[in-house]
Amino acid sequence: MNDPDDAGDLERFRLRARRWLQETAPAHGWLRRPGAARRRIAVGDHDAVRRNRACQELLFEAGFAGLSWPAEYGGQGLGLREQIVFNEEARAFDLPLTAFIIGLGMCGPTILAVGTEEQKQRYILPMLRGEEIWCQLFSEPGAGSDVAGLRTRAVRDGDAWVLNGQKVWTSGAHHCEFGIVLARTDPDVPKHKGLTMFVVDLRTPGVSLRPIRQIDGGEHFNEVFFDDVRIPDTDVLGGEGKGWQAATTTLMNERVSLGAVRTLDDVHPSAALIDLARERGLLADESVRQNLVDLWMKETVVGLLGERVTAGIMRGRAPGPEGSITKLVRTGFSTASAELGFRLAGPAAAAWPEGAADGDTWANTLLFVPSLTVAGGTDEVLKNIIGERVLGLDKEPQVDRDVPFRELTGR
Ligand SMILES: Cc1cc2nc3c(=O)[nH]c(=O)nc-3n(C[C@H](O)[C@H](O)[C@H](O)COP(=O)(O)OP(=O)(O)OC[C@H]3O[C@@H](n4cnc5c(N)ncnc54)[C@H](O)[C@@H]3O)c2cc1C
């Protein structure tokens, strides 16, 4: 960063990205409407999926997809700082890319980290071109925070595996071609040791989905059932029995992407709330000003923490437990921002004329933010990780860690 040539390259990259975005965005309807919330893709919204795919394809063709991913698999072979610069420039626009958050934020990095050469050649390029969308199938009805306690079983059968079980809360599965799934392949060893990760093609016979309706009326995640689903041995990801290590790679990337590297795109930045307060004539109110300053401080802290995590990654370190700190702090910021926005917007936040564009922004945001305290690791679990792995405090007592899984469950 301190090298003047490097700084010049990065500035040229920024200008190229800015020019491309300014030229491309108007024609594709990617202009950000002030105050509009970013929306997830509901079941049956084929149009939104098409727009997401088209956006990713245009990014790929223009050389802005997979900026930090290796060129031999279709990436641009640049650094994370180019990705950050692109994200900064893209923040002013409304790029429809939510369908790719999990694939590009978690599944792709996992395949690049632990996949075979054949898997990288097969899966990375179509992901970058927007042709194949991915989801993450870890959580089960009885295994969320304690995901290592999962019960979905995969049993070897010749040169394939047969998968049976149920996943839940699978974001976006309804518009995905592929997923990474964690299953138990050996119940006779302790729970963390008997897991294997697979790539699963969701169009395989025996896979069925049931969307889950949320408090905001949308259906953005699903129950996914596997009934005798055959997965070729070549789709084992990271090695048989190495599922926990592969999953840790995925979850670290998830927390970093949720907390630090991604732009603050789900929440309303303090600048937008200052504008809203000004518009509503509330800036003279002392308590409003105090709340705005408090929010601005939280936002600044999230930004600085994010930069620290990013700097570590750029020095070649794998995303570590500090990703948990940024995710936790960002959740607090998002909640504070949603609550303040709802208050500043006044009655219009709770009731709006039918069909009013973005009328439901604040109501939706307020209903959405509690999910951030759960998705990608709950606040309580993140505090445990920070206590143990950042602060070096004693570990939580774990009575089941060294016991064969079959003895815990009787199966
Ligand atoms: C918006 C959203 C999207 C999601 N998308 C996906 C997805 O795409 N794929 C996927 O696999 N999963 C997904 N999830 C599921 C998510 O990973 C789980 O909900 C999460 O891990 C928590 O698991 P749980 O819901 O089973 O809660 P539980 O683990 O049962 O937790 C219940 C409560 O107990 C607390 N608790 C649990 N263990 C401890 C502990 N050791 N110490 C202190 N407190 C504890 C928790 O903090 C929580 O308050 C998503 C969730 C949300 C909200």
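Residues numbered from 1 in each chain as written. Predicted model: local features only at pLDDT ≥ 70, side-chain atom pairs only at ≥ 80, totals over all residues. Heavy atoms only, no water.

### Looking at the site of the ligand
Neighbouring the ligand are 18 residues; Gln136, Ser145, Trp169, Thr378 and Glu380 lie closest to it. Gln136 has a polar backbone atom sitting 2.7 Å from a nitrogen atom of the ligand. Between the ligand and Ser171, the relevant distance is 2.7 Å, taken from a nitrogen atom to a side-chain nitrogen or oxygen of the residue. Against a free-state accessible area of 980 Å², the protein chains account for coverage of 65% of the ligand. At the level of elements, β3 (160-171) and α11 (379-390) are the ones that each hand at least two residues to the shell around the ligand. In terms of residue class, the shell around the ligand is built from seven nonpolar, nine polar and two charged. (Near = heavy atom within 4 Å. Polar contact = N/O pair within 3.5 Å; in protein donor to acceptor, adjacent residues only side chain to side chain. Areas by Shrake-Rupley, 256 points an atom, 1.4 Å probe, with all protein chains shown as cover. Helix = DSSP H or I, 4+ residues; strand = E, 2+ residues; numbered from the N terminus. Nonpolar A, V, L, I, M, F, W, Y, C, P; charged D, E, K, R; others polar.)

### Focus: the packing of helix α7 (residues 270-279) against helix α8 (residues 286-314)
When two helices pack together, you describe them by how their axes are tilted relative to each other and by the distance separating the axes. For the pair α7 and α8, interaxial distance at closest approach is 9 Å and the crossing angle is 165°. In terms of their interaxial angle, α7 and α8 are classed as roughly antiparallel. When the axes of α7 and α8 are compared, the crossing they make is left-handed. When α7 is examined against α8, the residues Ser270, Leu273, Ile274 and Ala277 are found in contact with a partner set consisting of Val288, Leu292, Leu295, Trp296 and Glu299. Considering only residue class, the contact of α7 with α8 consists of seven nonpolar, one polar and one charged. (Axes fitted to C-alpha atoms, helices over the stretch in contact; angles between N-to-C directions. Parallel < 35°, antiparallel > 145°, perpendicular 65-115°, else oblique. Left-handed = near helix turned anticlockwise from the far one by under 90°. Contact = heavy atoms within 4.5 Å.)

### Some details on the side chain of Lys167
Along the chain, Lys167 falls in strand β3. Among the polar contacts listed, one links the side chain of Lys167 to the backbone oxygen of Leu182, at a separation of 2.8 Å. Leaving out residues up to four positions away in the same chain, Lys167 has contacts with Leu137, Phe138, Ser139, Glu140, Leu150, Thr152, Val181, Leu182, Asn222, Glu223, Val224 and Phe226.

### Some remarks on the nonpolar core
By size, the foremost hydrophobic cluster in this structure holds 45 residues, and its most contacted members are Phe64, Phe86, Leu95, Trp134, Phe138 and Met197. Ignoring sequence-local partners within four residues, the contact set of Trp134 consists of Ile102, Gly103, Cys107, Ile111, Tyr123, Met127, Cys176, Phe178, Gly179, Ile180 and Val199. Counting residues in hydrophobic clusters, the runner-up holds 24 residues, among them Leu137, Trp161, Ala183 and Val224. (Core = buried A, V, L, I, M, F, W, Y, C linked by side-chain atoms within 4.5 Å. Buried < 20%, exposed > 50% of the residue type's maximum accessible area, 1.4 Å probe, protein only.)

### A closer look at helix α9 (residues 322-345)
Taking 1.5 Å per residue, 24 residues should reach 34 Å; α9 reaches 35 Å between its end C-alpha atoms and fits that length. Looking at the residues trailing α9, positive phi occurs at Gly346, about 75°. (Expected span 1.5 Å × (residues − 1).)

### Here's the deal with the packing of aromatic side chains
Per the stated rule, a full pass over the model turns up nine aromatic pairs. A centroid spacing of 5.3 Å and a plane angle of 50° characterise the contact between Trp20 and Phe64, whose relative ring orientation is tilted. Separated by 44 residues along the polypeptide, Trp20 in helix α1 (residues 4-28) and Phe64 in the loop between α2 (46-61) and α3 (80-90) bring together distant segments of the chain. Here Trp20 matches Phe64 in class, with each residue buried. Geometrically, the ring pair formed by Tyr123 and Trp134 is edge-to-face, given 5.2 Å between the ring centres and 85° between the ring planes. Here Tyr123 is found in helix α5 (residues 117-128), whereas its partner Trp134 is found in strand β1 (residues 134-137), with eleven residues between them in sequence. Trp134 carries the same exposure label as Tyr123, and that label is buried. Among the aromatic residues, those joined into a ring-pair cluster are Phe13, Trp20, Trp30, Phe64 and Phe86. (Phe/Tyr/Trp six-rings, centres within 6.5 Å; stacked < 30°, edge-to-face > 60°.)

### A closer look at the pairing of β3
Within a regular beta strand, the side chains point alternately toward one face of the sheet and then the other, so they alternate between its two faces. Note: strand β2 (residues 153-157) against β3, five bridges, orientation antiparallel. Following the sheet pairing, Asp157 is matched in β3 by Ala160. Hairpin connection of β2 to β3: two residues between the antiparallel strands, including Gly158 at a positive phi of 65°. Pairing of β3 with strand β7 (residues 221-232), which is carried by nine bridges, proceeds in the antiparallel orientation. Bridge assignment links Val162 to a residue of β7, and that residue is Arg230. (Pairing = 2+ DSSP bridges.)

### Regarding the domain arrangement of the chain
Once the domains are mapped, the chain shows domain 1 (4-128), domain 2 (134-242) and domain 3 (246-390). Computed from C-alpha atoms alone, the centre-to-centre distance between domain 1 and domain 3 is 21 Å. (Domains from an automatic or database assignment.)

### Quick word on the packing of α9 against helix α10 (residues 361-368)
Closest axis-to-axis distance for the α9/α10 pair is 9 Å, and the angle between their directions is 150°. As judged from the angle between their axes, α9 and α10 are roughly antiparallel. The element α9 and its partner α10 pack so that their crossing is left-handed. In this structure, α9 uses Ser337, Ala338, Glu339, Gly341, Phe342 and Ala345 to contact α10, whose residues at the interface are Trp362, Ala363, Thr365 and Leu366. Taken together, the residues that form the contact of α9 with α10 break down as six nonpolar, three polar and one charged.

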